[in-house]
Amino acid sequence: LTEPMAERAVKSLVSASDEIILRDRNSANFLMRLDKNAKPQVCLDPAFLWLRDQAQVTQKENKIILALRDWPIGEYASSLTAGNAENAKRHFETQILLFVKAVRRLSPDTIIKPICMHTLAVGGDDRSFYRRLLAEDPASRELVDMRHQSPVAVLQEFCSARAALTMRFHGLVFALSAGLPTLAVD
């Protein structure tokens, strides 16, 4: 959204809108900087409300959920040179793998369960990301469910876990709704 063409598109959408509802204060502040006449409202993402009604107390497993995505250089590192952006992405992925290895070393019976929050080509298919990221970790790679999962099935995974590491927005929404201790990586 920092490119002039994207800003023009957002301003055009705002001028054509009767009502604007956003899911967080930062987005509203950004919009009001773009268009001083914008009067956005902020409310919970509808997923929170749905999940609140669906979450069920289940038996906790010794499981940590990974709700991660490919690190999109164009979005996360547009201000860096291509080489520095690639290095940052590689460093990030190395840290994730070190986290998995550390959990395995400190708690060998803990299951590291990768969850595919997004399985569409547009926006990054998490299954492709996990296949690449976990290429050298067959124990975790085998746990990646390659089928599209219903939101209820995904919620059950979160409800039965003891913690989550997420960078997907809805991964965070699911984890918070399930009452999990969660590390959100922006």
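Structure first, text after, so check above.
Residues numbered from 1 in each chain as written. Predicted model: local features only at pLDDT ≥ 70, side-chain atom pairs only at ≥ 80, totals over all residues. Heavy atoms only, no water.

### Things to note about the packing of aromatic side chains
- In total, this model carries three aromatic pairs according to the counting rule given.
- Centroid distance F158 to F174: 5.7 Å. Interplanar angle 50°. Geometry classified as tilted. In this pair, F158 sits in helix α8 (residues 151-159) while F174 sits in helix α9 (residues 169-177), placing the two residues 16 residues apart along the sequence.
- Residue classification places F174 among the buried positions, given a relative accessible area of 8%.
- Its guanidinium or amino end placed over the ring of F169, R23 lies 3.7 Å from that ring's centre, counting from NZ or CZ. (Phe/Tyr/Trp six-rings, centres within 6.5 Å; stacked < 30°, edge-to-face > 60°. Helix = DSSP H or I, 4+ residues; strand = E, 2+ residues; numbered from the N terminus. Buried < 20%, exposed > 50% of the residue type's maximum accessible area, 1.4 Å probe, protein only. Lys NZ or Arg CZ within 6 Å of the ring centre and 35° of its normal.)

### Here's the deal with the pattern of salt bridges
- Scanning the model with the defined rule gives ten salt bridges in all.
- K63 is the salt-bridge partner of E157, the closest N and O atoms lying 2.5 Å from each other. Separated by 94 residues along the polypeptide, E157 in helix α8 and K63 in strand β3 (residues 63-67) bring together distant segments of the chain.
- Take E157: its relative accessible area is 23%, and that puts it in the partly exposed class.
- With its nearest N and O atoms 2.7 Å apart, the salt bridge here joins R127 to D125. (Salt bridge = Lys/Arg side-chain N within 4 Å of Asp/Glu carboxyl O.)

### With respect to the environment of Q149
- Considering the arrangement of structural elements, one finds Q149 in the loop between α7 (138-141) and α8.
- Sequence separation between Q149 and R105 is 44 residues; the distance between their C-alpha atoms is 30 Å.

### What to know about the packing of helix α5 (residues 82-106) against helix α6 (residues 126-133)
- α6 packs onto α5 with a crossing angle of 75° between their chain directions and a minimal axis gap of 11 Å. Looking at the two axes, α5 sits roughly perpendicular to α6. Only F129, R132 and L133 of α6 make contact with α5, whose side of the interface consists of K89, E93, I96 and L97.
- Considering only residue class, the contact of α5 with α6 consists of four nonpolar, no polar and three charged. (Axes fitted to C-alpha atoms, helices over the stretch in contact; angles between N-to-C directions. Parallel < 35°, antiparallel > 145°, perpendicular 65-115°, else oblique. Contact = heavy atoms within 4.5 Å. Nonpolar A, V, L, I, M, F, W, Y, C, P; charged D, E, K, R; others polar.)

### Side note on helix α2 (residues 25-34)
- Of the positions making up α2, those classed as buried are A28, L31 and L34. Projection of α2 onto a plane perpendicular to its axis shows the buried side chains occupying an angular sector of 120°, all on one side. More than 90 degrees from the buried face of α2, the exposed residues found are N26 and R33.
- Those residues of α2 hidden inside the fold are in contact with α1 (4-15), β1 (21-22) and β2 (41-42).
- Its side-chain oxygen at 3.2 Å from the backbone nitrogen of N26, D24 defines the N-terminal cap of α2. (Arc of directions from axis to C-beta. Polar contact = N/O pair within 3.5 Å; in protein donor to acceptor, adjacent residues only side chain to side chain.)

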